[in-house]
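Working through the structure, step by step
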Amino acid sequence: MSSRVRPGRDDSPDRLYTLTGGRSGTGSTSFDVVTLVVAESDPVPGMQSEHAAILRMCRFPTAVVEVAAGLGLPVSITKILLSDLHDTGRISARHPRPASYRLPDHDILEQVLVGLRNL
């Protein structure tokens, strides 16, 4: 069995552990893969390189899944990094709105069906 090595990508558990400081969950903010992230500040010297990359990447609204792809990191790790930046006010998040879709009334659907049958 051969293992597939992806050039430029190091998803070793040690590296991921280091990136997140050992955390496996986000803080108070919950990010969905389609949550749009916008940078509220520029990177500063001494900042973790992944945080700086996120701020550069998110000058315009960018979905969490796009950020993860751009960083070459799993979405779960990216969410933790985004949570760090959100907690410090360096990014804002535009969460998807819950669907307010409601099915039409049953009687209306029956009337439409009857009308279609009469055609």
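The structure we're discussing is the one just above.
Scope of this entry: the structure provided in the associated data block. (Residues numbered from 1 in each chain as written. Predicted model: local features only at pLDDT ≥ 70, side-chain atom pairs only at ≥ 80, totals over all residues. Heavy atoms only, no water.)

Take the overall build of the protein chain next. Looking only at helices and strands, one finds five helices and three strands in the protein chain. Among the 119 residues that make up the protein chain, the fraction classed as buried is 29%. When contacts within the protein chain are restricted to residue pairs at least 6 apart in sequence, long-range pairs at least 24 apart make up 69% of them. Entry remark: accessible area of the protein chain is about 8,300 Å², with carbon and sulfur atoms responsible for 55%. (Helix = DSSP H or I, 4+ residues; strand = E, 2+ residues; numbered from the N terminus. Buried < 20%, exposed > 50% of the residue type's maximum accessible area, 1.4 Å probe, protein only. Contact = heavy atoms within 4.5 Å. Areas by Shrake-Rupley, 256 points an atom, 1.4 Å probe, with all protein chains shown as cover.)

What the three strands build is an open sheet, ordered 2-1-3; its pairing is antiparallel. Every other strand in the sheet has two partners, leaving strand 2 (62-63) and strand 3 (91-94) as the edge strands with one partner each. The pairing of strand 1 (residues 36-39) with strand 2 spans two bridges and is classified as antiparallel. Residue valine 37 lies in a different strand from strand 2, and its bridge partner there is threonine 62. (Pairing = 2+ DSSP bridges.)

Ranked by size, the top nonpolar core spans 18 residues in total, and within it Val37, Ile54, Leu71, Leu82 and Ile91 carry the most contacts. Beyond its immediate chain neighbours, meaning those up to four positions away, isoleucine 91 contacts Phe31, Val37, Val38, Ala39, Glu40, Leu55, Leu82, Leu85 and His86. (Core = buried A, V, L, I, M, F, W, Y, C linked by side-chain atoms within 4.5 Å.)

The next point concerns the environment of valine 67. Mapped onto the secondary structure, valine 67 falls in helix 3 (residues 64-71). Sequence-distant contacts of valine 67, that is, excluding residues within four places in its chain, are made with Ile54, Met57, Cys58, Thr62 and Thr78.

This part is about a nonpolar patch on the surface. Together, Ile108, Val112, Leu116 and Leu119 make up a nonpolar patch on the protein surface, roughly 440 Å² of accessible area in all. Residue isoleucine 108 is classed as partly exposed on the basis of its relative accessible area, which comes to 45%. (Patch = residues over 30% accessible without salt bridge, like charges linked within 9 Å, V, L, I, M, F, W, Y side chains within 5 Å. Salt bridge = Lys/Arg side-chain N within 4 Å of Asp/Glu carboxyl O.)

Nothing here speaks to function; it is all geometry.
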